[in-house]
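Listed here are the chains, written in short residue letters.
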Amino acid sequence: MAALDYVALAQPGIRALRAYDPGLDLVALRRGFAEGALVELGSNENSHGPSPAARAAILDSLHSLHRYPDPLGGDLRRALAACHGLEPAQVILGNGSHELLMLMGQVFAGTGRGVVSSQYGFAVYALAAQAAGAPWTPAPARPVDDAMPRGHDLEALLAAVGADTAIVYLANPNNPTGTWFDTAALADFLSRVPANVLVVVDEAYLEYVTDPALTSAVPLLARFPNLAVTRTFSKGYGLAGLRVGCLLADPGLVAVLERVRESFNVNLPGLAACEAALADHEHLAWVRRQNAIEREALADALSARGLAVSPSQTNFLLVDFGRDAAPVEAGLVARGVVPRPMAGYGLPTCLRLTVGVRDENRRLLQALDEVLA
Ligand SMILES: *Cc1c(COP(=O)(O)O)cnc(C)c1O
């Protein structure tokens, strides 16, 4: 039987698309190590874990697993709205913020409606463009010797915006660079972007920020109807396994996204756990504090080894080894430590390392010393 050319059958955007690279096959890798022995620093997960209240809420929700979840996610949306000083109609929930980033592309980008993002911006933005069949224009990043190496260059992003631009995606702080820009710079950027260009500010790491000059873009929603902000429970809240994120924007923008959102995209344990996690301010503050302490200690330790470490307001560090990092990655994995390679981002000399708990960071440094010796 002749095989079908499924790629040729796909719509043009999908034909050129490469699937998101999730890194190593962790499930297979875990089998080779004793339970819990692998130090997993490849996906920027929260090694401190979620609020105990979130665990309790999940157990509670198990009584109702035969029921569909609330298709409107009403309780969680109201809680998020209250937390951000917004109306519930300004909140849409997603199966992770990834889903909402893709949904923005599906709804607003397409042929002749392009997407702009930074050269070392999050890989999902280019994916959202291509999946929608939209042209993607990368704006050059800041230089390596900048105070924010390879970070977003807001002037370059503005210059890349053209008559056919529909969406600009920004991450603040950015993954994989860890770099950031302050709230005043974002406000200036928004005042200069054409009013009909949607600007998505991805705040996946905002819970980890300790620089007082960087605050959430959410208060800017009142001034800029073309702004949308995404947040997630996957990072600071430590609930990556549940897949819950949200997008905050004008009620009109949210209403258009709602037209294509799958009604039960956030599951029952997810809704319950996130509402509980949101209320546990103490746990979040503790995570932020612990991460900041470990982030600084790890950055210092890596710098002391002569490595170039980018400044970071996140729970990860971008480290430049100044030579092909693939052998370093292989050496670390062989010793049970999992980093994220950066060749896919065009940074083959770099690895991205999640900041773990103290013992994980110690084991990372020990493995690294062996590999570099
Ligand atoms: C991790 C991450 C997300 C979060 O994705 P979820 O789908 O919410 O888990 C979004 N944006 C960036 C830049 C990230 O690094």
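Position numbers for residues start from 1 in each chain and track the written sequence from start to end. Owing to the predicted nature of the model, reporting of local features is limited to residues with pLDDT of at least 70; listing and counting of side-chain atom pairs is limited to 80 or more, with chain, interface and lining totals taken over all residues. The side-chain quantities take in all heavy atoms of the structure and omit both hydrogens and water.

Going by an unreviewed UniProt entry, the protein chain carries the name Histidinol-phosphate aminotransferase and comes from Arenimonas metalli CF5-1. UniProt positions are given in the numbering used here, feature names are shortened, and annotations may be inferred rather than shown by experiment. You can read under Pathway (unreviewed entry) in the UniProt record for the protein chain the words "Amino-acid biosynthesis; L-histidine biosynthesis; L-histidine from 5-phospho-alpha-D-ribose 1-diphosphate: step 7/9." Quoted verbatim from the Cofactor (unreviewed entry) field of the UniProt record, the comment on the protein chain reads "pyridoxal 5'-phosphate".

### Overview of the overall build of the protein chain
Only DSSP runs of H or I covering at least 4 residues are called helices, and only runs of E covering at least 2 are called strands; the numbering of each starts at the N terminus. When its secondary structure is counted, the protein chain shows 14 helices and 13 strands. Computation of the radius of gyration draws on C-alpha atoms, with the globule rule given as 2.2 Å multiplied by the number of residues to the power 0.38. Relative to the compact-globule value of 21 Å for 373 residues, the protein chain shows a C-alpha radius of gyration of 21 Å, a close match. A principal-axis box enclosing the C-alpha atoms of the protein chain has dimensions of 65 × 55 × 50 Å. Only protein chains enter the accessibility calculation, which uses a 1.4 Å probe; a residue whose area is less than 20% of its type maximum is buried, one above 50% is exposed, and one in between is partly exposed. When the 373 residues of the protein chain are sorted by exposure, 54% land in the buried category. Note on contacts: a residue pair qualifies if any of its non-hydrogen atoms lie within 4.5 Å across the two residues. When contacts within the protein chain are restricted to residue pairs at least 6 apart in sequence, those whose partners lie at least 24 apart make up 74%. To measure how exposed things are, a 1.4 Å probe is used in the Shrake-Rupley method; for residues, cover is taken only from the protein chains shown. Counting only carbon and sulfur atoms, one obtains 56% of the accessible surface of the protein chain, whose full area is about 16,500 Å². For the protein chain, the distance from the average site of its 29 positive side-chain charges to the average site of its 38 negative ones is 2 Å. Under the counting rule used here, the positive set is Lys and Arg, the negative set is Asp and Glu, and His together with the chain ends is not counted. Just so you know, the charge point we use is NZ for Lys, CZ for Arg, CG for Asp and CD for Glu.

### Considering the sheet that holds strand E8 (residues 245-249)
If you walk across this open sheet you meet the 7 strands as E2-E8-E7-E6-E5-E3-E4, and the pairing is mixed. Among the strands making up the open sheet, the edge pair consists of strand E2 (91-94) and strand E4 (136-139). Pairwise comparison of adjacent strand axes, ignoring direction, gives a mean angle of 20° for this sheet. With 4 bridges connecting them, strand E6 (residues 198-202) and strand E7 (residues 227-232) associate as parallel partners. Residue pairing for E7: valine 200 is matched across the bridge by alanine 228. Here helix H6 (residues 97-108) sits on the sheet and contacts E2, strand E5 (165-171), E6, E7 and E8; the angle it forms with E5, its principal contact strand, is near 165°. Only when DSSP finds a minimum of two bridges between them are two strands counted as paired. To obtain an axis, a line is fitted to C-alpha atoms, over the contacting stretch when the element is a helix, and the angle between two such axes runs from 0 to 180 degrees between their N-to-C directions.

### Description of the pattern of salt bridges
Two side chains bearing opposite charge may form a pair once their charged atoms approach each other closely. Any carboxyl oxygen of Asp or Glu within 4 Å of a side-chain nitrogen of Lys or Arg constitutes a salt bridge here. All told, the structure shown has 13 salt bridges when counted by the stated rule. Linking arginine 192 and aspartate 188 is a salt bridge whose minimum nitrogen-to-oxygen distance equals 3.1 Å. Highlighted residues: arginine 192 and aspartate 188, both in helix H9 (residues 183-192), separated by 4 residues, approximately one helical turn. Ionic pairing is found between aspartate 359 and arginine 362, a salt bridge with its closest N-O pair at 2.6 Å. One end of the pair is aspartate 359 and the other is arginine 362, both in helix H14 (residues 358-372) and 3 residues apart, which spans about a single turn. A relative accessible area of 37% means that aspartate 359 is categorised as partly exposed.

### Overview of the domain arrangement of the protein chain
By domain assignment, the protein chain separates into domain 1 (23-44 + 282-372) and domain 2 (52-279). Computed over C-alpha atoms only, the centres of domain 1 and domain 2 are separated by 25 Å. Listed per partner, the contact involves 24 residues of domain 1 and 26 residues of domain 2. Two parts placed together each lose some accessible area; with a 1.4 Å probe, that loss summed over both constitutes the buried area. With both sides pooled, the region where domain 1 packs onto domain 2 buries about 2,100 Å², and carbon together with sulfur makes up 60% of that total. A per-residue breakdown of the area domain 1 buries against domain 2 is headed by Pro311, Gln313 and Tyr345, which together make up 33% of the total. Where domain 1 packs against domain 2, one counts 1 salt bridge. Between aspartate 320 and arginine 150 there is a salt bridge, with the nearest N and O atoms lying 2.8 Å from each other. The definition of a polar contact used here is a pair of N or O atoms within 3.5 Å, where within protein one atom must be able to donate a hydrogen and the other to accept one, and adjacent residues in sequence count solely through side-chain atom pairs. For the interface between domain 1 and domain 2, the tally reads 11 residue pairs in polar contact (both at pLDDT 80 or more). Of all the elements in the fold, those that place two or more residues in the side of domain 1 that touches domain 2 are helix H12 (281-304), strand E10 (316-320) and strand E13 (350-354). Among the elements that make up the side of domain 1 that touches domain 2, the one with the highest residue count is H12 (7 residues). Considering only residue class, the side of domain 1 that touches domain 2 consists of 10 nonpolar, 10 polar and 4 charged. Here the limits of each domain have been adopted from an automatic or database domain assignment. Here the term charged refers only to Asp, Glu, Lys and Arg, the term nonpolar to Ala, Val, Leu, Ile, Met, Phe, Trp, Tyr, Cys and Pro, and the term polar to all other amino acids, Gly among them.

### A closer look at the environment of alanine 53
Examined against the element boundaries, alanine 53 turns out to sit in helix H4 (residues 52-61). According to the relative accessible area criterion, alanine 53 is partly exposed, its value standing at 32%. For the pair formed by alanine 53 and alanine 273, sequence separation is 220 residues and the distance between their alpha carbons is 7.5 Å.

### Side note on the site of the ligand
In these notes, residues near a molecule or strand are those with any non-hydrogen atom within 4 Å of it. Lining the immediate surroundings of the ligand are Gly96, Ser97, His98, Phe122, Asn175, Asp202, Ala204, Tyr205, Thr232, Ser234, Lys235 and Arg243. One nitrogen or oxygen atom from the side chain of tyrosine 205 is found 2.6 Å from an oxygen atom belonging to the ligand. Serine 234 is positioned such that a nitrogen or oxygen atom in its side chain is 2.6 Å from an oxygen atom of the ligand. Protein contact buries 92% of the 390 Å² of open area that the ligand shows by itself. When grouped by side-chain class, the residues that make up the shell around the ligand number 3 nonpolar, 6 polar and 3 charged.

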